[in-house]
Amino acid sequence: MSAQKKRTFKIEAFKHRVELDPKYAERTWKVLEHAIHEIYNHNASGLSFEELYRNAYNMVLHKYGEKLYSGLVTTMSGHLKEIAKSIEDSQGGLFLEELDRKWGDHNKALQMIRDILMYMDRTFVPSNHKTPVHELGLNLWRDNIIHSGKIQTRLLDTLLDLIHRERTVYQEDFEKPFLEVSASFYSGESQQLIECCDCGEYLRKAERRLTEETERVSHYLDVKSEVKITSVVEGEMIANHMQRLVHMENSGLVNILVDDRYEDLSRMYNLFRRVPDGLSTVRDVMTSHLRETGKQLVSDPERLKDPVDFVQHLLDEKDKYDKIISKAFNNDKSFQNALNSSFEYFINLNNRSPEFISLYVDDKLRKGLKGVSEEDVEVVLDKVMMLFRYLQEKDVFEKYYKQHLAKRLLSGKTASDDAERSMIVKLKTECGYQFTSKLEGMFTDMKTSVDTMQGFYASQYSETGDGPTVAVQVLTTGSWPTQPSAPCNLPAEILGICDKFRTYYLGTHTGRRLTWQTNMGTADIKATFGKGQKHELNVSTYQMCILMLFNSADQLTYREIEQGTDIPAPDLKRCLQSLACVKGKNVLRKEPMSKDIAEDDAFYFNDKFTSKFIKVKIGTVAAQKESEPEKQETRQRVEEDRKPQIEAAIVRIMKSRRVLDHNTIVTEVTSQLQSRFLPNPVVIKKRIESLIEREFLERDKNDRKLYRYLA
């Protein structure tokens, strides 16, 4: 059975044409035009809006929308021209009244006309991109009334005159005397308050008065009066008493800073910023106090006894003022700059600051960061770096840091390799690769030494037996802060394995030399005391050499020990002090018994030595501040290291500039080197003389202060 064929139905428009009266459009428009006239003439009460709406609807429906729209424009324009003439004829003060009345009439008429022509507004207007009736009425008012030559200028002049008169009355009759009376009131009140209030209380009352005046303006005064009245309060209560407030005895700015009164500090900042020189007054007092406090801190003999405590106080002071600037001073950059310049000023008053900051890091990286999270470690190191940035002699810090790092690495006392490397990365970021290349070389040597020892013991497996073992750290000359020192006489048991290591190392590394740094090593030795009591002693290499002599003698004089070990006298005396004079560590006995070591002293093996510990550490002291002679020696080495750097800077500058006068060279050399140290102009002059002698530079024949570069 075939599927039924689908049928399609179509609905078409009614074919019969409706014939309209040829005069329909004209006749209908006349009805609507008459209605518009009546509306404008205030005779709208007799009109049938339903009938008028239907007429407008039919005109649009029968395609006479254009006639309806253009007729509306013409009719409204005609009425508005008559209205314009009426307004133009009004005199004096009646002008604005007439304009306002006609504007009200036009708006009412427009509303009624829009209701009648609603269908045209909804259909014909949007489809033909015409202006809607209400907007059209406003535009026609603007064009025919406001922009009328005789009305526009007159309207503007009238409005401006009214505003001026209003202002003059307010300003002259009220505002001026109001401000004068207010100034007198606040002058008297501020004088009274400054005598009986402390600084914090006075500021609170001043703040409250400003708030009251602002609220008063918002409630019943012209908004423009706010700036004027607040300016009066600021002048009388703040500007006139600034100096007395910040220096007020027992409650001024210094007291508020010392007591960390953030609310009072914030109030002072916000009030003083309103007046000229207000913030600079606060900043100057803060800077002066900070510099004086810092100066006392870095020159206090008690503080200088403990470098770690010294630096901790600097960090605490920095934290304190960072917090004040953040919480009370709106993170104001000018206050932050004042803080930085103050710290740079007083940290560099003490030439031991670089050494002490390095000792602080040494203390933290030895023991102070154990059990601390990585984030907290970074915080501590970042704070130290902030102090480091203030140092003018960064090369002195580098010298000490290298010494302290070397001791940590060689004694195995570093608490965290990650923290050590993090510190080096920070120093590299701050000062560049040259600053840290040797520090990184020290870490490389430590890693290489571990591999070397594994290779050595693998090659000696069958030969080591029960004898002593060594862990050798091979240090690259130049990377480590080692000083040339004569090796001491090592015990025969140790010499054997040392010689084996030397043979192995030189066999695997051609063209190298090994020099034993016996002043830097440590040793673990087993000792048996009275009643068979056994201990393991952790000592320095020098101390080991001394103790091993007592395997073959019960008593030795100072001279015999010196001759047997060949240890330099100052080191020998320190070692004997730690072995014989420290309670709980005295594995030797000295006669006569005293704290100092004399050359005629005699030493005995202390058979009665006891300790509750199996392992006893002797003489392993953490890095401590240098003695005066050591400090002078370090300073001398720093000055020697600076000479080639100054000369290199002079040559670089002269090579590019060819001819320069003396003062310009000094300025440019200082600029180039200040990231590491501040070169002394006298030293720069000496280096110039040296370069002239070596024919890198020459003096100008006519001007002795002018130098020329010699290629």
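A brief look at the structure comes next. Quantities reported herein were computed from a predicted structural model and do not represent experimental measurements.

1. Brief notes about unusual backbone geometry
Following Glu-591, the chain continues to Pro-592 via a peptide bond in cis, the omega torsion being -10 degrees. With respect to the element layout, Pro-592 can be found in the loop between strand S4 (588-591) and strand S5 (602-605). Residues other than glycine seldom take positive phi values, yet Lys-63 does so here, at roughly 70 degrees. Tracing the backbone shows Lys-63 in the loop between helix H2 (49-61) and helix H3 (65-89). Positive phi, normally seen in glycine, also occurs at His-129, with a value near 55 degrees. You can see His-129 is positioned in the loop between helix H6 (124-127) and helix H7 (133-146).

2. Re the pairing of strand S9 (residues 706-709)
Where burial is concerned, the two faces of S9 differ: the one with Tyr-707 and Tyr-709 is buried and the one with Leu-706 and Arg-708 is not. Relative to S9, strand S7 (residues 659-661) runs antiparallel, the two being bridged by three bridges. From the neighbouring strand, Val-659 faces S9, where its bridge partner is Arg-708. Judged from the three bridges that link them, strand S8 (residues 697-699) and S9 form a sheet pairing that is antiparallel.

3. Re the environment of Glu-374
Checked against the element boundaries, Glu-374 lands in helix H19 (residues 374-390). Each C-alpha atom, one on Glu-374 and one on Ser-45, is 89 Å from the other, the two residues being 329 residues apart in sequence.

4. A closer look at the sheet that holds strand S1 (residues 522-528)
The strand order across the open sheet built from three strands is S1-S2-S6, with neighbouring strands paired in mixed fashion. Looking along the sheet, the strands with just one partner apiece sit at the ends: S1 and strand S6 (615-617). Ignoring which end each strand starts from, the neighbouring axes of this sheet average 25 degrees apart. Looking at chain direction, S1 and strand S2 (residues 534-540) are connected through seven bridges and run antiparallel. Across the sheet, the residue bridging to Ala-527 is His-535, located in S2. Where helix H24 (residues 541-549) meets the sheet, its contacts fall on S1 and S2, and the angle it forms with S2 comes to roughly 130 degrees.

Quick notes on the rules
- Residues numbered from 1 in each chain as written.
- Predicted model: local features only at pLDDT ≥ 70, side-chain atom pairs only at ≥ 80, totals over all residues.
- Heavy atoms only, no water.
- Helix = DSSP H or I, 4+ residues; strand = E, 2+ residues; numbered from the N terminus.
- Buried < 20%, exposed > 50% of the residue type's maximum accessible area, 1.4 Å probe, protein only.
- Pairing = 2+ DSSP bridges.
- Axes fitted to C-alpha atoms, helices over the stretch in contact; angles between N-to-C directions.
- Contact = heavy atoms within 4.5 Å.

None of the figures reported here should be taken as evidence of function without further support.
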